[in-house]
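# Analysis of the macromolecular model
This is what each chain is made of:
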Amino acid sequence: MVVAVFGPTASGKTAVSQALADRLPGEVVSCDAMQAYRGLPILTNQPPRPARLVGVWPLSHSGSVGEYQTLAHAAIDELLAAGQVPVVAGGTGLYLRAALADLELPPPPDRPLRLSTEALYDRLGSIEAHRLLALRDPEAAEAVHPNDRRRIVRALELLELGGSLAPERDRLWASETRHPTLVVGLRVAKEELERRIALRTRAMFEAGVQEEARAALREPVSATARRTLGLVEAATLPREAAIEAISVRTRRYAAYQRKWMRRIPGLVTVKAERSAYEVADEILALARARERLPADR
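Residues numbered from 1 in each chain as written. Predicted model: local features only at pLDDT ≥ 70, side-chain atom pairs only at ≥ 80, totals over all residues. Heavy atoms only, no water.

## A look at the overall build of the protein
From N to C terminus, the protein includes 14 helices and five strands. In terms of overall size, the protein behaves like a compact globule, its C-alpha atoms giving a radius of gyration of 20 Å where 297 residues would be expected to give roughly 19 Å. Per-residue burial for the protein yields a buried fraction of 48% across its 297 residues. If you take every contact in the protein between residues at least 6 apart in sequence, the share linking residues at least 24 apart comes to 74%. Total accessible area on the protein stands at roughly 14,400 Å², and carbon and sulfur atoms take up 53% of it. Across the protein, the mean location of the 42 positive side-chain charges is 3 Å away from that of the 37 negative side-chain charges. (Helix = DSSP H or I, 4+ residues; strand = E, 2+ residues; numbered from the N terminus. Rg over C-alpha atoms; globule rule 2.2 N^0.38 Å. Buried < 20%, exposed > 50% of the residue type's maximum accessible area, 1.4 Å probe, protein only. Contact = heavy atoms within 4.5 Å. Areas by Shrake-Rupley, 256 points an atom, 1.4 Å probe, with all protein chains shown as cover. Lys, Arg positive; Asp, Glu negative; His and termini not counted. Charge placed at Lys NZ, Arg CZ, Asp CG, Glu CD.)

## A word on the packing of helix α5 (residues 126-136) against helix α7 (residues 149-160)
Here α5 crosses α7 at 40 degrees, and the two axes come no closer than 10 Å. Like other packed secondary-structure pairs, α5 and α7 cross with a definite hand, here left-handed. Touching Ser126, Ala129, His130, Leu132, Leu133 and Arg136 of α5 are Ile152, Ala155, Leu156, Leu159 and Glu160, all from α7. Residue composition of the contact of α5 with α7, by class: seven nonpolar, two polar and two charged. (Axes fitted to C-alpha atoms, helices over the stretch in contact; angles between N-to-C directions. Left-handed = near helix turned anticlockwise from the far one by under 90°. Nonpolar A, V, L, I, M, F, W, Y, C, P; charged D, E, K, R; others polar.)

## Describing unusual backbone geometry
Following Leu24, the chain continues to Pro25 via a peptide bond in cis, the omega torsion being -5 degrees. With respect to the helices and strands, the residue Pro25 is situated in the loop between α1 (13-23) and β2 (26-30). Of note, Ala10 is a non-glycine position whose phi angle comes to about 75 degrees, a positive value. With respect to the helices and strands, Ala10 occurs in the loop between β1 (2-6) and α1. With relative accessibility at 11%, the residue Ala10 sits in the buried group. Its identity is not glycine, yet Asn45 carries a phi of approximately 55 degrees, on the positive side. In this structure, Asn45 sits in the loop between β2 and α2 (65-81). The class of Asn45 is partly exposed, set by a relative accessible area of 30%.

## Focus on the environment of Leu115
Mapped onto the secondary structure, Leu115 falls in helix α4 (residues 111-124). Put simply, Leu115 and Val153 are 38 residues apart on the chain and 9.5 Å apart in space, counted from C-alpha to C-alpha.

## Thoughts on the pattern of salt bridges
It is possible for side chains of opposite charge to pair when their charged atoms get near one another. Enumeration according to the criterion identifies 19 salt bridges in this entry. One salt bridge in this structure joins Arg249 and Glu233, with 3.0 Å as the shortest N-O distance. Residue Arg249 is found in helix α13 (residues 239-263), and its partner Glu233 is found in helix α12 (residues 231-236); the two are separated by 16 residues along the sequence. Overall, Arg249 belongs to the partly exposed group, its relative accessible area being 33%. Between Glu282 and Arg274 there is a salt bridge, with the nearest N and O atoms lying 2.2 Å from each other. (Salt bridge = Lys/Arg side-chain N within 4 Å of Asp/Glu carboxyl O.)

## A word on the pairing of strand β4 (residues 181-187)
Within a regular beta strand, the side chains point alternately toward one face of the sheet and then the other, so they alternate between its two faces. Taken across its seven residues, β4 has six buried, putting it largely inside the fold. Taken together, the five bridges between β1 and β4 define a ladder with parallel strand orientation. Note on β4: the bridge partner recorded for Ala4 is Val183. As paired strands, β4 and strand β5 (residues 268-271) are joined by four bridges and run parallel to one another. Its bridge partner being in β5, Arg187 is matched across the sheet by Lys271. (Pairing = 2+ DSSP bridges.)

## Concerning the side chain of Ser247
Here Ser247 shows up in helix α13. Among the residues examined, Ser247 registers a relative accessible area of 7% and is labelled buried. Contacts of Ser247, omitting those with residues within four sequence positions, involve Ile197 and Thr201.

## Let's talk about the sheet that holds β4
Reading across the sheet, the five strands line up as β2-β3-β1-β4-β5 and stay open at both edges, with parallel pairing between neighbours. Of all strands in the sheet, those with a lone pairing partner are β2 and β5, marking the two edges. Neighbour to neighbour, the strand axes of the sheet diverge by 25 degrees on average, direction disregarded. Taken together, the five bridges between β2 and strand β3 (residues 85-90) define a ladder with parallel strand orientation. Bridge pairing links Glu27 to Pro86 in β3. Where α2 meets the sheet, its contacts fall on β1, β2 and β3, and the angle it forms with β2 comes to roughly 175 degrees.

Next up, the structure:
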């Protein structure tokens, strides 16, 4: 059996998943897109203890969902074969689904095609590029905002490769998983979550996140890694302005994650406004009731 823990940022996923792994026994498999990069442990809130798929890519690498899916499936299968329980934990919804299911993902981008498609978008402008996409792939265009340059470029690129963004959307919310899986969502009241975000953001700055971010940007950083929440703000803004900007962005991202959580098929929510050990105990009871897992070591 696989146990998955999802929730908004600052909901306590790291502590809960590690407490679960200790009890089962098992290991944590991260499904956080930015924790997959090494070089930003403070900014990406990497766990204090080792976890699978944390820090596996350099910041210069352009990671993809397809690449992550291959690594996640291998890690989960290895743990199951060894008689351990994989605890898949993180806040990137697409990475969670990729870890748990067999998503039919589009092919990776081709560099020359990507450059020519980006040039086409820039030449047409956002409105005309989106209109072109709507003519050629109406379903994909429905899911993409006209100002979302990255996804419009990807959709137009996929058309040239004989694919579409739409099939990815069709399977995303299917209930099938590769292995029997309990998916748990951590539920925290909005006010409490915002309080935790504010505290954690300040703690990052006390821990030296500005120096970490500046050092990272002195080296090659891929466009994918550069999207790490707060990277540019921490590196370039004065301390208090950076704290405010990152807090605002993090609250918005948490709201987005909460929407994701409501759409994950089969998800069971548990109240997370208590200690990680109490939350882990409740999740463990749910898992044992479903699969008759062994008692604690």
